[in-house]
Amino acid sequence: ICVFKIPGREIPIVHRVIDRHDSPETGEQKLLTKGDNNNGDDRQIYQELYINRQMMWIEPKDIVGRVQGFLPYLGMFTIYMTDYPLLKYALLGGVGLVVFIYE
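Read on for an overview of the structure. Every chain is numbered on its own, with residues counted from 1 as its sequence reads. Confidence filtering applies because this is a predicted model: local features only for residues at pLDDT of at least 70, side-chain atom pairs given and counted only at 80 or more, and all residues used for totals across whole chains, interfaces and linings. Heavy atoms from the whole structure form the basis of all side-chain values; hydrogens and water molecules are not counted.

**Quick look at the overall build of the protein**
Here comes step 1: Segments assigned H or I by DSSP are reported as helices when at least four residues long, segments assigned E as strands when at least two residues long, and all are numbered from the N terminus. Secondary structure assignment for the protein yields three helices and four strands.
Here comes step 2: Its helices and strands in sequence order give the protein the pattern β-β-β-α-β-α-α, from N to C terminus.
Here comes step 3: Computation of the radius of gyration draws on C-alpha atoms alone. For the globule rule, the value is 2.2 Å times the number of residues to the power 0.38. Rg of the C-alpha trace for the protein: 19 Å, well past the compact-globule value of 13 Å for 103 residues, more than 25% over.
Here comes step 4: Judged by the C-alpha coordinates and their principal axes, the protein covers about 65 × 25 × 25 Å.
Here comes step 5: Looking at the 103 residues of the protein, the share that counts as buried comes to 20%. Whether a residue is buried, partly exposed or exposed follows from its accessible area with a 1.4 Å probe, protein chains only, as a fraction of its type maximum: under 20%, in between, or over 50%, in that order.

Rendered as structure tokens:
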């Protein structure tokens, strides 16, 4: 599982690697990824986001990290905070209250 960033998109993407291509001539490595919620591989995403050229693989320069652990459903928390801004403010208020009480 890797974290990669495509030019033109601010938020990094976390998907698993399903194929790796190593060029014997240049030693260059390219990766193909797939999201769990996608029917096919991520080539369609690459094409939509990387407007200036045809992109069929991601390269090592696109990778910003790799997954070291696993926290199931953590992404749902961020989605809820985006969809329900009052939840975000309530959480921040609660953290502020706890800090205020314990200080």
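Continuing now.
**Thoughts on the packing of aromatic side chains**
Working definition: an aromatic ring pair is given by the centre-to-centre distance plus the angle between the planes.
Here comes step 1: Stacked, edge-to-face and tilted are the three classes for Phe, Tyr and Trp ring pairs, Trp counted by its six-membered ring, which pair at centre distances within 6.5 Å; planes under 30 degrees apart are stacked, over 60 edge-to-face, the rest tilted. Here the structure, examined in full by the defined rule, presents one aromatic pair.
Here comes step 2: A centroid spacing of 6.5 Å and a plane angle of 35° characterise the contact between Tyr80 and Tyr84, whose relative ring orientation is tilted.
Here comes step 3: Judged by its relative accessible area of 40%, Tyr80 is partly exposed.

**Some remarks on the side chain of Asp62**
Here comes step 1: Of note, Asp62 is situated in the loop between helix 1 (43–49) and strand 4 (63–66).
Here comes step 2: If we skip the residues at most four places from it in the chain, Asp62 touches Val3, Phe4, Lys5, Pro7 and Met55. Contact definition: two residues touch when any of their heavy atoms are within 4.5 Å.

**A few points about the nonpolar core**
Here comes step 1: If you look at the biggest cluster of nonpolar residues, it comprises ten residues: Cys2, Phe4, Ile6, Ile13, Leu31, Leu32, Tyr46, Met55, Trp57 and Ile58.
Here comes step 2: Put simply, the parts of the chain that give this core at least two residues each are strand 1 (2–4) and strand 3 (29–34). In these notes, a set of buried Ala, Val, Leu, Ile, Met, Phe, Trp, Tyr and Cys residues joined through side-chain atoms within 4.5 Å is what counts as a nonpolar core.

**Details of the pairing of strand 2 (residues 13–22)**
Here comes step 1: Strand pairing follows a simple DSSP-based rule, namely that at least 2 bridges must link the two strands. Alignment of strand 1 against strand 2, held across three bridges, turns out to be antiparallel. Bridge assignment links Cys2 to a residue of strand 2, and that residue is His15.
Here comes step 2: In the sheet, strand 2 pairs with strand 3 via six bridges, with the strands oriented antiparallel. Note that in strand 3 the partner of Asp22 across the bridge is Gln29.
Here comes step 3: Between the end of strand 2 and the start of strand 3, which pair antiparallel, lie six residues, with Gly27 showing a positive phi angle near 75°.

**Some remarks on the sheet that holds strand 3**
Here comes step 1: Taken together, four strands build an open sheet; the order of strands is 3-2-1-4 and the sheet is antiparallel. Only two strands of the sheet have a single partner each, and these edge strands are strand 3 and strand 4. Each strand of the sheet is rotated relative to its neighbour by a mean of 50°, with strand direction disregarded. Here, axes are lines fitted to C-alpha atoms. For helices the fit covers the stretch in contact, and angles between N-to-C directions go from 0 to 180 degrees.

**Considering the pattern of salt bridges**
Here comes step 1: Criterion for a salt bridge: a side-chain nitrogen of Lys or Arg within 4 Å of a carboxyl oxygen of Asp or Glu. Inspection of every chain in the model, using the stated rule, returns five salt bridges.
Here comes step 2: Between Lys61 and Glu59 there is a salt bridge, with its nearest N and O atoms 4.0 Å apart.
Here comes step 3: On the basis of relative accessibility, which here comes to 54%, the residue Lys61 falls in the exposed class.
Here comes step 4: Note on Glu59: relative accessible area 14%, which makes it buried.
Here comes step 5: Residues Lys61 and Asp62 are paired through a salt bridge, measuring 3.3 Å at the closest nitrogen-oxygen approach.
Here comes step 6: On the basis of relative accessible area, Asp62 is assigned to the buried category, the value being 3%.
Here comes step 7: A single network of salt bridges, built from pairs that share partners, joins Glu59, Lys61 and Asp62.

This is a description of form; function is not addressed.
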